[in-house]
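Analysis of the macromolecular model
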Amino acid sequence: MSEWFIKKQQIMFTKIPQENEAAVKVSYVLSELIAKHSKPFTEGDFIKTCLIKTAEIICPGNLKAFQNISLTRNTVAERITELACNLSNQIKIKIPTFEYFSIACDESTDIGGTAQLAVFFRACDMEFNIFEELLEIIPMFDTTTGEDVFVSVVELLKKYDLPLEKLSSDFYSFVPTRYVEIRRFASKIISMFSSTYQCEQLFPLMNSNKSPVRSRLTDTHLNAVLKVASSNNMSPEIEKLVGEKRCQISSKKNY
């Protein structure tokens, strides 16, 4: 077996995994765009058709690479859920660095008649870096009394390991005695929400996603879509997700 043939085989086996990873990365990137623009998951099939038609005209030699991109409805839903989970994990990693945090919550009823409780958190570290992110949007299936909201929020804080002692409240009773305490006091004030504007901005986005034409959107997928779409300080770690994903070529082809 000639050395030339061996090198050619090595190049071929190296190229295939790279093409697979590129196809998976594209599916994540496009799924994120679908979420951010409040498009139905089924738009993935249409986008793939457009990509293939474009490739047939501009770069027919690379047509197979575009055909390998998986953008089925289920794939898009799975990708968006994974992106949302990645954002949640990033929040959990950053939580130990926060000195104080506050929460803002409000509820609104979606098109299906389910009350959805939006919970945002705002935090500040000792370097006065501010983080504002959606923790989750929680479906309230029964009543929405103050007690129901309180229980749901406390359970959510436990889920994210957010210590209640760092929750900014009763700050007027906090009297700083040393400079280090002044810094903590300042971070406590800065971390407080001034209003529920984040929640109010989220509900129109919720209604545009769970609309009369998408009334079957599950609460889990709704939460994932809104988490990705409303992300402020963080972006999904797509490269990390691609590295963790076992790259497989889509068996579905659009012509």
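Attention here is on the structure that accompanies the text. Since we're looking at a predicted model, the values are computed, not measured.

Quick word on the nonpolar core
Generally speaking, soluble globular proteins have nonpolar side chains that are buried together. Grouped together as the largest cluster of nonpolar side chains are 53 residues, with contacts concentrated most on Ile-80 and Leu-135. Setting aside anything within four residues of it in sequence, one finds Ile-80 in contact with Ser-31, Ala-35, Phe-41, Ala-224, Val-225 and Val-228.

Some details on the pairing of strand β2 (residues 115-125)
Most of β2 is tucked away: 11 of the 11 residues are buried. Side chains Ala-115, Leu-117, Val-119, Phe-121, Ala-123 and Asp-125 of β2 all project onto a buried face; the interleaved residues Gln-116, Ala-118, Phe-120, Arg-122 and Cys-124 project onto the opposite face, where all are buried too. Where strand β1 (residues 98-109) and β2 come together, 11 bridges link them in antiparallel fashion. What sits directly across from Tyr-100, in β2, is Cys-124. Hairpin connection between β1 and β2: a loop of 5 residues separates the two successive antiparallel strands, and Gly-113 in this loop has a positive phi of roughly 90°. Here β2 runs beside strand β3 (residues 130-140); their pairing, made up of 10 bridges, is antiparallel. Within β3, the position partnered with Ala-118 by the bridge is Ile-137.

A few points about helix α2 (residues 43-58)
For the α-helix, the turn length of 3.6 residues means that residues three or four positions removed from each other point alike. Here α2 is 16 residues long and its end C-alpha atoms lie 22 Å apart, about the 22 Å a rise of 1.5 Å per residue gives. Listed in full, the buried residues belonging to α2 are Gly-44, Lys-48, Ile-52 and Ala-55. Around the axis of α2, the buried residues are gathered within 75° of arc, so they sit on the same side. The exposed set on the far side of α2, more than 90 degrees from its buried face, consists of Phe-46, Ile-57 and Ile-58.

Quick word on the environment of Leu-156
By the element assignment, Leu-156 lies in helix α5 (residues 146-159). A relative accessible area of 3% places Leu-156 in the buried class. If sequence neighbours within four positions are ignored, Leu-156 has contacts with Val-119, Leu-135, Glu-136 and Ile-138.

So, the state of the cysteines
Counted by the stated rule, this structure contains 0 disulfides. The structure places no disulfide on Cys-105, whose sulfur is separated from the nearest cysteine sulfur, that of Cys-199, by 6.6 Å.

Section: unusual backbone geometry
Glycine aside, residues mostly have negative phi angles, and peptide bonds mostly take the trans form. Located in the positive-phi region is Ser-38, a residue other than glycine, with phi close to 55°. With respect to the helices and strands, Ser-38 occurs in the loop between α1 (3-36) and α2.

Section: the sheet that holds β3
Spatial ordering of the open sheet is given by β1-β2-β3, a layout of 3 strands whose pairing is antiparallel. Unpaired on one side and paired on the other, β1 and β3 mark the two borders of the sheet. Averaged over all adjacent pairs, the angle separating strand axes in this sheet is 20°, with direction ignored. Strands β1, β2 and β3 of the sheet are contacted by α5, whose axis makes an angle of about 125° with β3. Contacts from helix α8 (residues 219-229) reach β2 and β3 within the one sheet, and its direction differs from that of β3 by about 165°.

Focus: the side chain of Ser-152
If you trace the backbone, Ser-152 turns up in helix α5. There is a polar contact of 3.0 Å between the side chain of Ser-152 and the backbone oxygen of Asp-148. If we skip the residues at most four places from it in the chain, Ser-152 touches Leu-117, Ile-138 and Met-140.

Remarks on the pattern of salt bridges
Think of it this way: side chains of opposite charge can pair up when their charged atoms draw near. Enumeration over the complete set of coordinates arrives at 7 salt bridges. Here Glu-239 ties to Lys-25 by a salt bridge, and the two come within 2.5 Å at their closest N and O atoms. With Glu-239 in helix α9 (residues 238-244) and Lys-25 in helix α1, this residue pair connects regions lying 214 residues apart in the sequence. Residue classification places Lys-25 among the partly exposed residues on the basis of a relative accessible area of 33%. Glu-237 serves as the salt-bridge partner of Lys-240, at 4.0 Å between the closest nitrogen and oxygen. On the basis of relative accessibility, which here comes to 44%, the residue Lys-240 falls in the partly exposed class. Among the charged side chains, a salt-bridge network with shared partners connects Asp-110, Lys-210 and Asp-219.

What to know about the packing of aromatic side chains
Under the defined criterion, the tally for this structure stands at 2 aromatic pairs. Taking the centre distance of 5.9 Å and the plane angle of 55° together, the rings of Phe-98 and Phe-121 count as tilted. One end of the pair, Phe-98, is in strand β1; the other, Phe-121, is in strand β2, and 23 residues separate them in sequence. For the pair Phe-98 and Phe-121, one class covers both residues: buried. A network of ring pairs unites the aromatic residues Phe-98, Phe-121 and Phe-131 as a single cluster.

The rules behind each value
- Residues numbered from 1 in each chain as written.
- Predicted model: local features only at pLDDT ≥ 70, side-chain atom pairs only at ≥ 80, totals over all residues.
- Heavy atoms only, no water.
- Core = buried A, V, L, I, M, F, W, Y, C linked by side-chain atoms within 4.5 Å.
- Buried < 20%, exposed > 50% of the residue type's maximum accessible area, 1.4 Å probe, protein only.
- Contact = heavy atoms within 4.5 Å.
- Helix = DSSP H or I, 4+ residues; strand = E, 2+ residues; numbered from the N terminus.
- Pairing = 2+ DSSP bridges.
- Expected span 1.5 Å × (residues − 1).
- Arc of directions from axis to C-beta.
- Disulfide = S-S within 2.5 Å.
- Axes fitted to C-alpha atoms, helices over the stretch in contact; angles between N-to-C directions.
- Polar contact = N/O pair within 3.5 Å; in protein donor to acceptor, adjacent residues only side chain to side chain.
- Salt bridge = Lys/Arg side-chain N within 4 Å of Asp/Glu carboxyl O.
- Phe/Tyr/Trp six-rings, centres within 6.5 Å; stacked < 30°, edge-to-face > 60°.

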